[in-house]
Structure formats: structure tokens, C-alpha cells
Amino acid sequence: MSGPSTNHEMTRAQRMITRLLFPFAESIERHSRSWQVTCSCGYSKSVWERGGVRWLAAGKPRTWGKCSACSERTWHRIHQDD
Ligand SMILES: [Zn+2]
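These lines cover the structure that appears in this document, whether it is placed above or below. (Residues numbered from 1 in each chain as written. Predicted model: local features only at pLDDT ≥ 70, side-chain atom pairs only at ≥ 80, totals over all residues. Heavy atoms only, no water.)

## Quick notes on unusual backbone geometry
As a reminder, the rule being used: Comment: elements are numbered from the N terminus, with helices defined as DSSP H or I runs of at least four residues and strands as E runs of at least two. Burial here depends on accessible area, computed with a 1.4 Å probe over protein chains only, as a share of the maximum for the residue type. Under 20% is buried, over 50% is exposed, and the range in between is partly exposed.
Positive phi, normally seen in glycine, also occurs at serine 71, with a value near 65°. Mapped onto the elements, serine 71 comes out in the loop between strand 3 (62-66) and strand 4 (73-80). Note on serine 71: relative accessible area 46%, which makes it partly exposed.

The following block contains the structure:
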């Protein structure tokens, strides 16, 4: 088990949130990693790897963004990986 932010440069938002909620930092990272953002082309990346944070969040199952695989700006499906 590795702690938060090994081999991943956190974005400003991630740093801010994990510092603010320090006791939960690991839980936040683990949670954010368990959520996948999938493009319509099939490319999928975790919320955390995309520089985002998802923790105790409800709703908003889609996000608008540019896919790093097909370079299209599309709606990406957010779903939990299990
Ligand atoms: Zn794509």
C-alpha cells in the first residue's frame, strides 16, 4: 500500500484539498482513484489521474472534457471501478 502522491504530481486543487482535509488525504486519493472517467471512444482514466478529486460526492455522473486518447471534447462518463 502506498501513501498519497507517490509517483503522481498532484494538481493544485488536489494539493489544496488534501492539505485542507489532511486526516482524510489517503481516503480522498483512494476514493478518487476508484472512480473512472471514460470517454465514448473507450479510453478510461481515474478521476485522480486526471487531476480531479472525488470524495463523498453524489450525482454529476458525467463530465465535459478533452480526451487524451482521441483528442475529442466529449462528455465523459464517471463510474466507480470495482
Ligand atoms: Zn476519447
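## Quick notes on the pairing of strand 4
The side chains of a regular strand alternate, first on one face of the sheet and then on the other. Selection rule: At least two DSSP bridges between two strands are required for those strands to pair.
As judged from the 4 bridges shared by strand 1 (residues 35-38) and strand 4, these two strands associate in the antiparallel manner. If you follow valine 37 over to strand 4, its bridge partner there is isoleucine 78. Bridge analysis of strand 3 against strand 4 gives 5 bridges, and the strand direction is antiparallel. Along strand 4, the bridge assignment pairs tryptophan 64 with tryptophan 75.

## Re the sheet that holds strand 3
As a reminder, the rule being used: Axis angles are defined between N-to-C directions and span 0 to 180 degrees, where every axis is a line fitted to C-alpha atoms and, for a helix, only to the segment in contact. Here, two residues are considered to be in contact whenever any of their heavy atoms come within 4.5 Å of each other.
Spatial strand order, 2-1-4-3: 4 strands in an open sheet with antiparallel pairing. Of all strands in the sheet, those bounded by a partner on one side alone are strand 2 (44-46) and strand 3. Within this sheet the neighbouring strands show an average axis-to-axis angle of 35°, counted without direction. Across the face of the sheet, helix 2 (residues 25-34) comes into contact with strand 1, strand 2 and strand 4 while running at roughly 35° to strand 1.

## A short note on the coordination of the zinc ion
For clarity, the threshold we go by: Only N, O and S atoms count as donors, using a 2.8 Å cut-off from the metal and 3.2 Å for Na, K and Ca, and because water is excluded some sites may appear unfinished. Just to be clear on the cut-offs, tetrahedral is four donors with all angles between 85 and 135 degrees, square planar is four donors and octahedral six with opposite donors over 155 degrees apart and all others between 65 and 115, and anything else goes down as irregular.
The protein atoms that coordinate the zinc ion are Cys39 (SG), Cys41 (SG), Cys67 (SG) and Cys70 (SG), at distances spanning 2.3 to 2.4 Å. If you look at the zinc ion, its 4 donor atoms make angles of 104 to 115° with each other, and the shape they trace is tetrahedral. Between the donor residues of the zinc ion, the gaps in sequence give the motif C-x1-C-x25-C-x2-C. Here the residue cysteine 41 occupies a position in the loop between strand 1 and strand 2, and cysteine 67 occupies one in the loop between strand 3 and strand 4, the gap between them amounting to 26 residues. Residue class for cysteine 41 comes out partly exposed when judged on its relative accessible area of 44%.

## A few points about the side chain of threonine 63
Along the chain, the position of threonine 63 falls in strand 3. When residues no more than four places from it in sequence are discounted, the contact partners of threonine 63 are Val37, Thr74, Trp75, His76 and Ile78.

## Thoughts on the environment of phenylalanine 24
Structurally, phenylalanine 24 can be placed in the loop between helix 1 (12-20) and helix 2. The sequence separation of phenylalanine 24 and tryptophan 55 amounts to 31 residues, and the corresponding C-alpha distance is 9.7 Å.

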